[in-house]
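Understanding the architecture of this molecule
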Amino acid sequence: MTPSYRDPEAACHAVMWRSVPGCLRYIVQWQVALWSHSFVRTWGSCGKAMTEALSAQAEAADGLKALIEQNGDTGSDTRGEPHLELLEPATVGKQVPESGEQAQGGEEQLPGNGEQAPTPVADSGKRKKRRGATGERVVPPPKKRRTGVSFSDEHFAETTYYFEGGLRKVRPYYFDFQTYCKGRWVGRSLLHVFSTEFRSQPLAYYEAAVRAGRLHLNEEPVQDLNIVLKDNDFLRNTVHRHEPPVTAEPIRLLAENDDVVVIDKPSSIPVHPCGRFRHNTVIFILGKEHQLKELHPLHRLDRLTSGVLMFAKTAAVSEKIHEQVRDRQLEKEYVCRVAGEFPDKEVICKEPILVVSYKVGVCRVDPQGKPCETVFQRLSYNGRSSVVQCRPLTGRTHQIRVHLQFLGHPILNDPIYNSTAWGPSRGQGGHIPKTDEELLRDLVAEHQAKESLSMLDLCEGDLAPGLIDSTAPSSELGKDSLEGLATAAQKIDGMVDEASQHPDTPGKAAKADVSQQTDPLCAECRVLRQDPLPQDLVMFLHALRYKGPDFEYVSPIPAWAQADWQED
């Protein structure tokens, strides 16, 4: 069948081609194919050369950027202070420790109640793979290693410590929470954002803060909460900050050399700033009292857990030990005191663990949870409680505590997993006769009744609407309070401005010197709280030993772990 051509020129060419003898047509086709192959090879070589040249230029640019970062402040604050203090209550990624108990934290907190902790993770050494035009693997230049976690003398001067009744206390101080405008806030008013996302304070608080000059947008005082936010707006909120007390027990240095610092962490002190804690943290105390700065935490401990805690002094040492973690070369050993008579034979628990709430910090055994394994061995039994050795082989949140609860032997004074909120069996065998929402509600209500919400790292302002009926005192502010606040704020700002004119007096240090112990706008100042007893801040879980291929550190055994110890 003869094909039809709409283009007369194409039809003419087809007729001419059919008139060429068959053998000649084959020769022409062969020559064309040979020329095409040669052209592709030549162009392919050129393309490869161009790709390599572009890749080389990109690597040179990356290398120049890395060099600039190594000699400047790009991408990292060498003082260790987080660039932003986030106001938004949201869960962010957490660094997973290598084994054992993991600290909570890693959450953005509500204004006036917390801050995001700095991320003390050294570069893991993993590099993303790029592929060139010919399929070869191109490895980008190494990224800059982050400096260790540290704070400057200016931060330490925000306030001071004092000791009372066996507790380390922090005097209330003024603090700036800062954040850039989130994408979902763009086009919305400040009034809408505060009423929908920052419900830990009533709108009256933010209205009073505006009148007192406490709220700033792009470093200009906010005059009206109805102002509409734009992309990249910068918000700063000055609050009167209170920190819960911690034990007055000192942080003891177990070892220090050119590579590491090893301490015996007391119970009740968090490792780094999180939630309501800033100055009452291991990082701040080590920096302020021991002049140990730019440290790289190698693992974490719960705030209520005591014992061996290691820090690397350099990013290289941190990377080396984290490599050992990934290769399962490290061993951790804990000791705890649990309720009842624990079996005298070795017990291995492999139940998966699921996080119920990051905010409250509660986990439970669940088939949908992450796999984990803990080895237990009883050391002694005094007729009422047992001392148990714990060797976690994985590093899930609250792993030891959740597994002991599942086994029916929760830690004797665990404020979460030995609570009646779990039901009559207290979670033994994973039996929990209530929903997760009911569990959280009952758990928080129990601690609120005891005025011990700080044991959950919570305060009344952290409670979500509907979780429980808050019994926090009214935050309504009268006209006299607002006028007094404005006067006090102006007086403080004036004294700070005057002091800052002297080059030897840092602004924040001056602010700490003149800051008041009470603030008319601060709801916390109007609440009379009873101090906890020092023994109430101790949980019977202690990190006893931390061992690697070329090191081993052991802390003293606590008094409650002695075989002859008896409960009061």
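Predicted model, so just to flag it, every value in this text is computed and none were measured. (Residues numbered from 1 in each chain as written. Predicted model: local features only at pLDDT ≥ 70, side-chain atom pairs only at ≥ 80, totals over all residues. Heavy atoms only, no water.)

A few points about the nonpolar core
The condition is simple: In plain words, nonpolar cores are sets of buried Ala, Val, Leu, Ile, Met, Phe, Trp, Tyr and Cys residues tied together by side-chain atoms within 4.5 Å. Each residue is assigned to one of three classes by its accessible area relative to the maximum for its type, calculated with a 1.4 Å probe on protein chains only: buried under 20%, partly exposed between the two thresholds, exposed over 50%. Here, residues are in contact when the closest pair of their heavy atoms is within 4.5 Å.
Counting residues in hydrophobic clusters, the biggest one holds 83 residues, and the most contacted among them are Phe311, Val362 and Phe376. Once residues lying within four places of it in the same chain are set aside, the contact partners of Val362 are Val355, Val356, Ser357, Ile416, Tyr417, Trp422, Leu439, Leu440 and Leu443. If you look at the next biggest cluster of nonpolar residues, it comprises 13 residues, including Val317, Val325, Tyr546 and Tyr553.

Considerations on the packing of aromatic side chains
Filter applied, for reference: Two rings belonging to Phe, Tyr or Trp (six-membered ring only in the last case) form a pair when the distance between their centres is within 6.5 Å. Interplanar angles under 30 degrees mark stacking, angles over 60 mark edge-to-face geometry, and anything in between is tilted. Charges are assigned to positions over rings by a cutoff of 6 Å between ring centre and Lys NZ or Arg CZ, combined with an angular limit of 35 degrees from the ring normal.
In total, this model carries 13 aromatic pairs according to the counting rule given. Over the face of the ring belonging to Tyr161 we find Arg168, whose NZ or CZ atom lies 4.8 Å from the ring centre. Its end group placed over the ring of Phe175, Arg241 keeps NZ or CZ at 4.7 Å from the ring centre.

Re the pattern of salt bridges
Note the cut-off: Here a salt bridge means any side-chain nitrogen of Lys or Arg lying within 4 Å of a carboxyl oxygen belonging to Asp or Glu. Runs of E in the DSSP output that reach at least two residues are strands. Runs of H or I that reach at least four are helices, and both are numbered from the N terminus.
Across all of its chains, the model carries 25 salt bridges by this definition. In this structure, Glu219 and Arg236 form a salt bridge, with 2.9 Å as the shortest nitrogen-oxygen distance. Linking Glu219 in the loop between β8 (215-217) and β9 (220-221) with Arg236 in strand β10 (residues 234-241), this pair joins segments that are 17 residues apart in sequence. Relative accessible area serves as the criterion here: at 42%, Glu219 is assigned to the partly exposed category. Across the salt bridge formed by Glu524 and Arg529, the nearest N and O atoms sit 2.7 Å from each other. Judged by relative accessible area, which is 21%, Glu524 ranks as partly exposed. Exposure remark for Arg529: the relative accessible area of 39% places this residue in the partly exposed category.

Details of helix α9 (residues 436-449)
Counted only if it meets this: Between the first and last residue of a helix there are one fewer steps than residues, each counted as 1.5 Å, and that sum is the expected span.
For α9, which comprises 14 residues, the first-to-last C-alpha distance of 20 Å matches the rise-based estimate of 20 Å (1.5 Å per residue) to within 8%. Those residues of α9 that sit buried are Leu439, Leu440, Leu443, Val444, Glu446, His447 and Gln448. Check the buried side of α9 and you find it contacts β18 (353-357) and β19 (362-365).

Concerning the sheet that holds β8
Our working rule: Two strands qualify as a pair provided that DSSP identifies no fewer than 2 bridges between them.
With antiparallel pairing, 4 strands are arranged side by side in an open sheet as β7-β10-β8-β9. Edge strands, defined here as strands with exactly one partner in the open sheet, are β7 (173-180) and β9. The pairing of β7 with β10 spans 8 bridges and is classified as antiparallel. When the sheet's bridge partners are listed, Tyr180 is paired in β10 with Phe234.

A closer look at the confidence of the model for the protein
Just so we agree on the cut-off: pLDDT is defined as a per-residue confidence score from the predictor, taking values between 0 and 100.
Looking at the protein as a whole, its pLDDT mean stands at 74, while 61% of the residues score no less than 70. Mean pLDDT in the protein bottoms out at strand β2 (residues 107-108), which sits at 30, and peaks at strand β17 (residues 347-349), which reaches 98. Every residue in residues 468-475 is under pLDDT 50, and counting partners more than four places away or in other chains gives 16 contacts.

Here we look at the pairing of strand β22 (residues 541-548)
Where burial is concerned, most of β22 is hidden: 6 out of the 8 residues are buried. Inspection of the sheet shows strand β15 (residues 306-312) paired to β22 by 2 bridges, in the parallel sense. Bridge pairing links Ser306 to His542 in β22. Where strand β16 (residues 331-339) lies against β22, 6 bridges are found, and the strand directions are antiparallel. When the bridges of β22 are listed, Tyr334 appears paired with Ala543. Examined bridge by bridge, β22 and strand β23 (residues 551-554) share 4 bridges and lie antiparallel to one another. Across the sheet, Arg545 pairs through a bridge with Val554, a residue of β23. Connecting the antiparallel pair β22 and β23 is a turn made up of 2 residues.

Examining the UniProt feature "active site" (unreviewed entry) in the protein
In plain terms, the rule: UniProt positions are given in the numbering used here, feature names are shortened, and annotations may be inferred rather than shown by experiment.
The UniProt record marks Asp302 with the feature "active site" (unreviewed entry), using the residue numbering of this structure. For Asp302, the position within the fold is in the loop between β14 (296-297) and β15.

A look at the sheet that holds strand β5 (residues 161-164)
The strands making up a sheet associate through hydrogen bonds between their backbones, and the pairing can be parallel or antiparallel. Strand order in the open sheet made by the 3 strands is β5-β6-β11, with antiparallel pairing throughout. Edge strands, defined here as strands with exactly one partner in the open sheet, are β5 and β11 (246-247). Examined bridge by bridge, β5 and strand β6 (residues 167-170) share 4 bridges and lie antiparallel to one another. Bridge pairing in β6 places Tyr161 opposite Val170.

Quick notes on the environment of Tyr161
Put simply, the rule reads: In protein, a polar contact requires one atom able to donate a hydrogen and another able to accept it; more generally it is a pair of N or O atoms within 3.5 Å, and residues adjacent in sequence count only if both atoms are side-chain atoms.
Assignment of secondary structure puts Tyr161 in strand β5. Contact partners of Tyr161, with chain neighbours within four places excluded, come to Arg168, Lys169, Val170, Arg171, His279, Asn280, Phe284, Ile285, Lys288 and Glu289. Engagement of the side chain of Tyr161 in a polar contact is seen with the backbone oxygen of His279, the distance being 2.4 Å.

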